[in-house]
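Commentary on secondary and tertiary structure
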Amino acid sequence: MMGSLELGPEADVSQLEPLLTLENIEQLEATFVSKVQANVVQWLQKALDGEVAEWGREQEPDTDPSGFYHSPMPAIVLQILEENIRVTSLVSESLQRRVHGMALSELGAFLRSFSDALIRFSREHLRGEAMALNYVSYLLAALNHQSALSSSVSVLQPDGVASGALAPVEAALEELQRRICRLVLEALLVELQPLFMALPSRQWLSSSELLDDVCERTARFCRDFWRVRNPGVQLLLAEAERTVVLQYLCALMQGRLVCRGADERNQAAERLQHDAAKLRDLFLDLGLEENFQCAPVLLTLRKLLNLRDPTMLGLEVAGLRQQFPDVSEDHVSALLDLRGDVSREQRLAALSSLQAGPQPTPPAGRRALFSLVPAPTPAPSSCLPSGPCA
């Protein structure tokens, strides 16, 4: 015990009992973990409170040298947890496992608290109780915080611990990402819904002004998306584009316009083509690749309006169903109403093509659109996308 070789012949170390029994060790470890946990909870709450306090500032979020929104909070959180795990590795494997489990549990609790704080922030802002001058910017910053935690959470995985131990935390981080993205999209909807109330209309038929306003408002809303790190920025752009297209489809299904002849049907078809190109160019300029865009659906609908012979509508409806298997009879009926020249027999024939043959498989990579568009819709507010951000 003293490290003296001279005592070696006098003592048989193998005969000595442990200084601490297993029960003693169990009690000491439990006490230690309890005290560490109390400190961790306090430190994490302090980090969260500091972050939330920033949201009410008149200034935009801080940025890093590359211009991305940045906060020390993610690094602080991970450092608190990682240091406690590392220190216990010097004591014993069993203590490290205990502290590791505690750290992951508290990180999960922290992420839920962070999400709850964002929801309160959003509700207070939207209700006008606490207007935040840089509301969307701080949501974008929160998305960067989520990304920073996701990319670095592996530091909490010590050697010898099962790889699946991080799965609950990773799931919580994905849920946090969806929540933040959803809040951003809700803010975008507040901007766009009044504009879509005038679509479709005869003003829409004769002028690009309505869609120009939509594009201008969308571009202004998305101008700071570049401050979000990948892959968050691509997710945001894809969901924003999908939200705009869904609002367009919702408005189109409202029955606000019935074409009064072939000239107006041609105008409507040309307007769909123009609007699809306008939305494509808008999001290309914002940085969203064309193959991730949903606006081409408008070109498919254009064919339904542009067809001169209503008896051939069944072929176009079948093609629409092939590309978008979630399209329903109600959606097709609303589009036929927009045409204004379809008889009852022609309508029934066109709708029957939706039931012909087996249910087609959605094209690879194409997400649902029409299933999120009630027809007719009582209010455009119901047209929020589902998926990564829902």
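This is a predicted model, so every value here is computed, not measured. (Residues numbered from 1 in each chain as written. Predicted model: local features only at pLDDT ≥ 70, side-chain atom pairs only at ≥ 80, totals over all residues. Heavy atoms only, no water.)

What to know about the overall build of the protein
- Broken down by element type, the protein carries 13 helices and zero strands.
- Each helix and strand of the protein, ordered N terminal to C terminal, gives the series α-α-α-α-α-α-α-α-α-α-α-α-α.
- For the protein, whose C-alpha radius of gyration is 29 Å, the value lies well above the compact-globule estimate of 21 Å for 390 residues.
- In terms of its C-alpha atoms, the protein occupies a principal-axis envelope of roughly 110 × 55 × 35 Å.
- Out of the 390 residues belonging to the protein, those deemed buried represent 45%. (Helix = DSSP H or I, 4+ residues; strand = E, 2+ residues; numbered from the N terminus. Rg over C-alpha atoms; globule rule 2.2 N^0.38 Å. Buried < 20%, exposed > 50% of the residue type's maximum accessible area, 1.4 Å probe, protein only.)

Some details on the packing of helix α2 (residues 73–89) against helix α3 (residues 93–126)
- Contact pair α2 / α3: the axes reach a minimum separation of 8 Å and the direction vectors enclose 165°. Here α2 lies roughly antiparallel to α3, going by the angle between them. The way α2 lies across α3 gives a crossing that is right-handed. On α3, the residues that touch M73, V77, L81, N84, I85, T88 and S89 of α2 are L95, Q96, V99, H100, A103, L107, F110 and F114. (Axes fitted to C-alpha atoms, helices over the stretch in contact; angles between N-to-C directions. Parallel < 35°, antiparallel > 145°, perpendicular 65-115°, else oblique. Left-handed = near helix turned anticlockwise from the far one by under 90°. Contact = heavy atoms within 4.5 Å.)

With respect to the side chain of E29
- When you line up the elements, E29 lands in helix α1 (residues 22–54).
- Exposure remark for E29: the relative accessible area of 9% places this residue in the buried category.
- A polar atom in the side chain of E29 sits 3.0 Å from the side chain of R98.
- The residues contacting E29, other than those within four sequence positions of it, are S92, S94, L95 and R98. (Polar contact = N/O pair within 3.5 Å; in protein donor to acceptor, adjacent residues only side chain to side chain.)

Some words on the nonpolar core
- Judged by nonpolar contacts, the single largest core of 114 residues is most densely connected at W204 and F225.
- Not counting residues within four places of it along the chain, the set of residues in contact with F225 comprises L140, V184, V233, L236, L237 and A240. (Core = buried A, V, L, I, M, F, W, Y, C linked by side-chain atoms within 4.5 Å.)

Focus: the environment of R98
- Inspection of the secondary structure assignment puts R98 in helix α3.
- Classification of R98 by relative accessible area gives partly exposed; the value is 28%.
- Sequence separation between R98 and R220 is 122 residues; the distance between their C-alpha atoms is 49 Å.
- Ignoring sequence-local partners within four residues, the contact set of R98 consists of E26, E29, A30 and V33.

With respect to the pattern of salt bridges
- Taken as a whole and judged by the stated rule, the model has 18 salt bridges.
- Put simply, E186 and R182 hold a salt bridge, and the shortest N to O gap is 4.0 Å. Residue E186 and its partner R182 are located together in helix α5 (residues 167–196), separated by four residues, close to a single helical turn.
- Through salt bridges with shared partners, a single network forms among E54, R57 and D62. (Salt bridge = Lys/Arg side-chain N within 4 Å of Asp/Glu carboxyl O.)

Concerning helix α7 (residues 209–221)
- Compared with an ideal rise of 1.5 Å per residue, which puts 13 residues at 18 Å, α7 spans 18 Å between its outermost C-alpha atoms and is within 8% of the ideal.
- Within α7 the residues assigned to the buried category are L210, L211, V214, C215, T218 and F221. In a view along the axis of α7, the buried residues occupy a sector of 135°, so they form one face of it.
- Looking at the buried side of α7, the elements it contacts are α4 (135–152), α5, α6 (202–206), α8 (232–252) and α9 (262–286). (Expected span 1.5 Å × (residues − 1). Arc of directions from axis to C-beta.)

Some words on the packing of aromatic side chains
- For the structure on display, the rule yields seven aromatic pairs.
- With a centroid separation of 6.2 Å and an interplanar angle of 80°, the aromatic rings of F221 and F225 are classed as edge-to-face.
- The buried category is assigned to F221, whose relative accessible area is 11%.
- Through a chain of ring-to-ring contacts, three or more aromatic side chains come together here, namely W55, F110, F114, F121 and Y135. (Phe/Tyr/Trp six-rings, centres within 6.5 Å; stacked < 30°, edge-to-face > 60°.)

So, unusual backbone geometry
- Omega for the bond connecting L199 with P200 falls within 30 degrees of zero, at -10°, which places this linkage in the cis form.
- Position of P200 relative to the elements: it lies in the loop between α5 and α6.
- That bond from N230 to P231 is cis: its omega, 5°, falls within 30 degrees of zero.
- Mapped onto the elements, P231 comes out in the loop between α7 and α8.

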